[in-house]
Amino acid sequence: MGLDLVELLPGEWRDVMKPHLDLEAVGRLSSFVESEYATQTVYPPLDDLFAAFRLCAPAQTRVLILGQDPYHKRGQAHGLSFSVRPGVSVPPSLRNVYKEIQEDLGVTPPSNGDLTPWAQQGVLLLNAVLTVREGKPTSHADHGWESFTDAAIKAVNESPYRVVYLLWGSYARKKAALVRNPNHVVVEAGHPSPMNPRGFLGSRPFSQANAALQDAGRGEVNWGA
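In the nomenclature of an unreviewed UniProt entry, the protein chain corresponds to Uracil-DNA glycosylase from the organism Hamadaea flava. UniProt, in the comment section headed Function (unreviewed entry), describes the protein chain in these words: "Excises uracil residues from the DNA which can arise as a result of misincorporation of dUMP residues by DNA polymerase or due to deamination of cytosine." The record held by UniProt for the protein chain lists under Sequence similarities (unreviewed entry) the comment "Belongs to the uracil-DNA glycosylase (UDG) superfamily. UNG family."

Okay, here's the thing in structure tokens:
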């Protein structure tokens with residue numbers, strides 16, 4: 001029996017995503033992913049592939065932050081967009097995210113690059129493509145992950161509770177078209193990469209997200225956690 005990505009999903013996510021999935025396409029994606037893990041160095045480790053879903057159940061999702069694909073250097077990717085484990089140098093884009101947290105909220109950002117505490121507060125840290133070959137960014141794009149993660153975005157869109165979508169950069173902002181529930185809030189900005197000096201810093205996404213959550217009675221995220 002080969003790798004079955006649908007079966008690998010946590011049960012609650014499987015239930016809400018399945019109606020939005022083309023199971024034949026997922027079968028092809030599963031075969032591709034299984035082959036890549038067997039023959040290449042692929043990140044994140046397979047055990048961390050669905051960490052974002054494990055840490056943040058559908059009903060608890062309050063914020064969705066969308067990245068493009070995982071970090072492609074050894075020891076970085078662990079299944080959460082923009083996040084790295086403690087002890088790993090904070091990547092440049094995440095440094096800008098932390099800088100904006102400080103400017104926006106006046107709080108001290110996390111002391112390392114591990115965003116697990118955000119996930120545990122209901123922040124779904126999703127990448128559009130969930131795997132990558134070592135040293136080859138976007139190498140797993142256009143193999144089916146995009147429609148798989150679109151299913152997650154569509155499932156979150158069906159939540160009866162307010163969700164704030166933080167979409168940074170042109171790639172992520174295209175996904176705003178999938179957010180059709182008027183109860184939700186989309187906050188768009190440029191990508192936090194240092195290669196894109198305009199459009200993210202000063203966009204104040206974190207205070208906007210917390211205000212929208214408070215307005216809907218869903219509390220605030222502690223972005224300094």
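Here the narrative resumes, following the displayed structure.
Enquirer: Hey, could you run me through the side chain of Thr116 in this one?
Expert: By secondary structure assignment, the location of Thr116 is in helix α6 (residues 116-119). A distance of 2.7 Å separates a polar atom in the side chain of Thr116 from a polar atom in the side chain of Asp114. With residues near it in sequence (within four places) discarded, Thr116 still touches Leu55, His78 and Leu80.

Enquirer: When you look at helix α3 (residues 23-39) in this model, what are you seeing that I'm missing?
Expert: Note that an α-helix has 3.6 residues per turn; residues three or four places apart therefore point the same way. With 17 residues, α3 extends 24 Å from end C-alpha to end C-alpha; this agrees with the ideal 24 Å at 1.5 Å per step. Looking only at α3, the buried set comprises Val26, Leu29, Ser30, Phe32, Val33, Glu36 and Tyr37. Along its buried surface, α3 packs onto α1 (5-8), β1 (42-43), β4 (132-133) and α7 (145-157). Of the residues that open α3, the one with a side-chain oxygen 3.1 Å from the backbone nitrogen of Glu24 is Asp22.

Rules used in this analysis
Residues numbered from 1 in each chain as written. Predicted model: local features only at pLDDT ≥ 70, side-chain atom pairs only at ≥ 80, totals over all residues. Heavy atoms only, no water. UniProt positions renumbered as here; feature names shortened; annotations may be inferred. Helix = DSSP H or I, 4+ residues; strand = E, 2+ residues; numbered from the N terminus. Polar contact = N/O pair within 3.5 Å; in protein donor to acceptor, adjacent residues only side chain to side chain. Contact = heavy atoms within 4.5 Å. Expected span 1.5 Å × (residues − 1). Buried < 20%, exposed > 50% of the residue type's maximum accessible area, 1.4 Å probe, protein only.

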